[in-house]
Structure formats: structure tokens, C-alpha cells
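Below are the chains, spelled out letter by letter.
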Amino acid sequence: MSGFFLHAFEHGRREAAKIARRLGTRAAPIRVHKFPDDESLVTVSQADARACIYCPLDRPNARLVELMLAADALRRNGARRLVLVAPYLCYMRQDMAFHAGEAVAQQAVSRLLGSLFDRIVTVDPHLHRVKEISSVFPGTEAESLSAAPAIAAFVKAKALPRDMLVAGPDGESRQWVEQIGAALGCESIVGAKRRLGDRNVAIEFPLHLLNGRAVLLVDDIVSSGGTMIEAIRGLKRAGAGAVRLAVTHALFDPAAEKHMREAGAEEIWSSDSIPHPTNAIPLADLLAATLRRETGVTS
Ligand code: R5P
């Protein structure tokens, strides 16, 4: 067993254990006690000179504070190299002040994380104007992996119709849509999306009649579900047959899932970047491969 442990909160514990098994190491629990005033007491079980925290950063406001406390505990207990695996990295979308007086959350959060960790690994961060993860974390090793190959491999194993169309709701989804479409040997298209509010979007697809053709709808994040609901409706209006969804980060709640299914989603598959009932696509192989060099074991 290597002296490199993956430390994980209860949220993400199972996914961390899968990665740890692949690395021949252990997932050590990070314990959280909540005080009556909602402050957290965070305790790590052990620390080594090299340590990693696995922490999906959905519901970020509470998790960021507990992550900061866990990093403090590991440093105090001897960690000299500290790696963060945040398969979902929060606050990446607000990368500029859109209106006077707004905070730039991406910069504020990346300053915090960069000050705590030596290396940050994430999956499909939602970057707009800043294109490279290295620019988000200057001075910290930072790595962005893609779930697209894992999604493509998962869908391929389903043996879906050969003429299936791979679609994305907007231009930002093009990078994943084209990669997955190419891996599956399917045609791909993306829609043009206008955001009208937090939960309200309008989407137009460059297509006419789908005549019952199956569609795989792909996106990086599903949050309110508004984008996917509108995309499913547009595809169905164009005559799509079975519409299946494959997403990297499933942030949505049960009500949004119900609405997506009512709109016509036959299947909803997500990667396990965030623990969620729709998880079907494990990222453990991808994450273990990139963490292997931390263990000092190369084969
Ligand atoms: C935005 O460009 C993202 O790729 C997603 O389409 C968006 O975050 C989804 O949000 P919602 O589910 O709230 O429409």
C-alpha cells in the first residue's frame, strides 16, 4: 500500500473508494461534526506527506468551507503536497462582472483553492472566456480532464440505432457533442440558445424533420434542467424518436428530472462527477490514471 491516501467526505466517499482501489491505496474518511450554530468541526483520520482530497463541489457554499478546513487539518498533520480532485468544480461560470458591483466568483474561488492545494484536478469545468484551466489557477498545477470518452464508451455499449443524431443545446456544448458524435460514428448538431432567465431559455436547432430518428442529447451541466427541457421539446417538435440524455455534471433536483422525463427524455445518464441518482458513467479509471504519479507507483 502506498503512503498516499485519498481523503473523502461522506459526499463522494463511494466514488473516492473506487479510485483508491485502482491506485492500491485507501480512501480515508473526513469527518464533519455540525455545531448548533452551523459551524463545522472537520477531522481527518491520518495524514502523510502526500495526500489528496476528493470533493465534488456541488452545493458549494458549505462544501468550500469544509474543504478549506480539511486542507488545514491535513497540512497540520504533515501533508506537504496536497492534491484536490474536484470532479465538479463550482463557480466557474461567473468569470467576469456582467453588471457594476458584481463579484467575479471564478477568480475569488480559484484564489482560495489555489492557496490551499499544490495540484487541482477537475473534469469538464465550465469555462467561457478563460479557456485554459491553467489560467484559472496561475501558480498551481491544474488539470482539466474530459468525461466525453467515458460517455462515448458507455453509450457505444448500449448499441443504440446507427443513425442516431448526437445533439447539444448550445455552441458551448459543441466540444463534447462533436467528440462523442465522432466516437460513435454519428452525425452531430448543436442548437442556438438564448438565456431568458435562470430557468428559462429558448433554443433553435438547425434541423427540419427527424422522422422518428433517435437523438442523444449531450451537455456538460444540467442544473435547473431548463436547457434540456427546452432542447427535448424542440427535438420532439421536429419529430425526434427516442431522446436520451448524457451529461457530465448532474446538479438537478428530482423535480427537474421529472420535467425532463415528461418532456420526453427516455433515459438520463450522468457521470459520477457528482453523486446523483442518474449516475451511470464512472470516472474512476480516468481519475485514477491521472493520480497514479502521486503514488510513486508507475505501473
Ligand atoms: C451552459 O452553457 C451550460 O452548458 C448548461 O447548458 C447550463 O448550465 C444548464 O443550466 P440549466 O440546466 O439551469 O438550464
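Residues numbered from 1 in each chain as written. Predicted model: local features only at pLDDT ≥ 70, side-chain atom pairs only at ≥ 80, totals over all residues. Heavy atoms only, no water.

Chemist: In this structure, what is going on with the nonpolar core? I would like to understand it.
Modeler: Nonpolar side chains tend to gather and get buried jointly when the protein is soluble and globular. Residues Leu6, Ile19, Val155, Ile180, Leu216 and Leu287 are the most contacted members of the largest nonpolar core, which totals 39 residues. With 5 residues, helix 5 (residues 148–156) is the single largest residue contributor to this core. When neighbours within four sequence positions are excluded, leucine 216 is seen to be in contact with Val155, Met164, Leu165, Val166, Ala167, Ile180, Leu184, Arg244, Ala246 and Trp269. Listed in part, the 33 residues of the second largest apolar core include Val44, Leu57, Ala71 and Val136. (Core = buried A, V, L, I, M, F, W, Y, C linked by side-chain atoms within 4.5 Å. Buried < 20%, exposed > 50% of the residue type's maximum accessible area, 1.4 Å probe, protein only. Helix = DSSP H or I, 4+ residues; strand = E, 2+ residues; numbered from the N terminus. Contact = heavy atoms within 4.5 Å.)

Chemist: Help me understand the layout of surface pockets in this model?
Modeler: Here the idea is plain: a probe the size of a water molecule rolls over the atoms and shows the empty space left. When its volume is computed, the largest pocket comes out at roughly 1200 Å³. Forming the walls of the largest pocket are 43 residues, and the residues nearest its centre are Arg93, Ile221, Ser223, Ser224 and Leu251. Counting only elements with at least two residues in the lining of the largest pocket, the list comes to helix 2 (60–76), strand 10 (192–197), strand 12 (215–222) and helix 7 (226–237). The space that makes up the second largest pocket amounts to roughly 270 Å³. Contributing to the lining of the second largest pocket are 15 residues, with Pro125, Leu127, Lys131, Gln175 and Trp176 lying nearest its centre. (1 Å grid on protein atoms, 1.4 Å probe; cavity = no way out; pocket = protein on both sides within 12 Å on 5 of 7 lines; lining within 4 Å. Points joined across faces, edges and corners; volume = space filled by probe spheres on them.)

Chemist: Please explain the site of the ligand as it appears in this structure.
Modeler: Taken together, 15 residues are adjacent to the ligand, and Glu172, Asp219, Asp220, Ser224 and Thr227 come closest. A distance of 3.1 Å separates an oxygen atom of the ligand from a polar side-chain atom of arginine 93. Side-chain polar atom of aspartate 220 to an oxygen atom of the ligand: 2.6 Å apart, as the coordinates give it. Mapped by element, the contributors of at least two residues to the shell around the ligand are strand 10, strand 12 and helix 7. Within the shell around the ligand, the residues separate by chemical class into 2 nonpolar, 6 polar and 7 charged. (Near = heavy atom within 4 Å. Polar contact = N/O pair within 3.5 Å; in protein donor to acceptor, adjacent residues only side chain to side chain. Nonpolar A, V, L, I, M, F, W, Y, C, P; charged D, E, K, R; others polar.)

Chemist: Would you mind going over the sheet that holds strand 15 (residues 279–281) with me for this structure?
Modeler: Remark on secondary structure: sheet strands pair via backbone hydrogen bonds, oriented parallel or antiparallel. Within the open sheet, the 6 strands sit side by side as 9-8-12-13-14-15. Their pairing is parallel. Either end of the sheet is taken by a strand with one partner, and the two such strands are strand 9 (188–190) and strand 15. Averaged over all pairs of adjacent strands, the angle between their axes in this sheet comes to 35°, without regard to strand direction. Bridge analysis of strand 13 (residues 243–250) against strand 14 (residues 265–271) gives 5 bridges, and the strand direction is parallel. (Pairing = 2+ DSSP bridges. Axes fitted to C-alpha atoms, helices over the stretch in contact; angles between N-to-C directions.)

Chemist: Would you mind showing me how to read the side chain of threonine 227 here?
Modeler: With respect to the helices, strands and loops of the structure, threonine 227 is situated in helix 7. A residue is classified by how much of its surface remains accessible, and threonine 227, at 10% relative accessible area, is buried. Reaching out from threonine 227, the side chain makes a polar contact with the side chain of lysine 193 at a distance of 3.1 Å. Setting aside its immediate chain neighbours within four residues, threonine 227 contacts Pro169, Lys193, Arg195, Val201, Ile203 and Asp219.

Chemist: I tried to follow the pattern of salt bridges on my own but got confused; where do I start?
Modeler: Side-chain pairs of opposite charge can arise where the charged atoms are in close proximity. Within this structure, the stated rule accounts for 19 salt bridges. A salt bridge links lysine 34 to glutamate 66; its shortest N-O distance comes to 3.1 Å. With lysine 34 in strand 2 (residues 27–34) and glutamate 66 in helix 2, this residue pair connects regions lying 32 residues apart in the sequence. On the basis of relative accessibility, which here comes to 41%, the residue lysine 34 falls in the partly exposed class. (Salt bridge = Lys/Arg side-chain N within 4 Å of Asp/Glu carboxyl O.)

Chemist: How should I be thinking about the sheet that holds strand 4 (residues 50–54) in this particular structure?
Modeler: Pairing in this open sheet of 7 strands is mixed, and the strands run 3-2-1-4-5-6-7 from one edge to the other. One side of each edge strand has no neighbouring strand; the edge strands of this open sheet are strand 3 (40–44) and strand 7 (141–145). Taking each pair of neighbouring strands and ignoring which way they run, the sheet shows an average axis angle of 20°. Bridge count for strand 1 (residues 4–8) against strand 4 is 5 bridges, and the pairing is parallel.

Chemist: Can you help me understand the environment of arginine 26 in this one?
Modeler: Inspection of the secondary structure assignment puts arginine 26 in the loop between helix 1 (13–23) and strand 2. Of the residues examined, arginine 26 reaches a relative accessible area of 35% and is grouped as partly exposed. C-alpha separation for the pair arginine 26 and leucine 235, spaced 209 residues apart in sequence, amounts to 45 Å. There is a polar contact of 2.6 Å between the side chain of arginine 26 and the side chain of glutamine 46.

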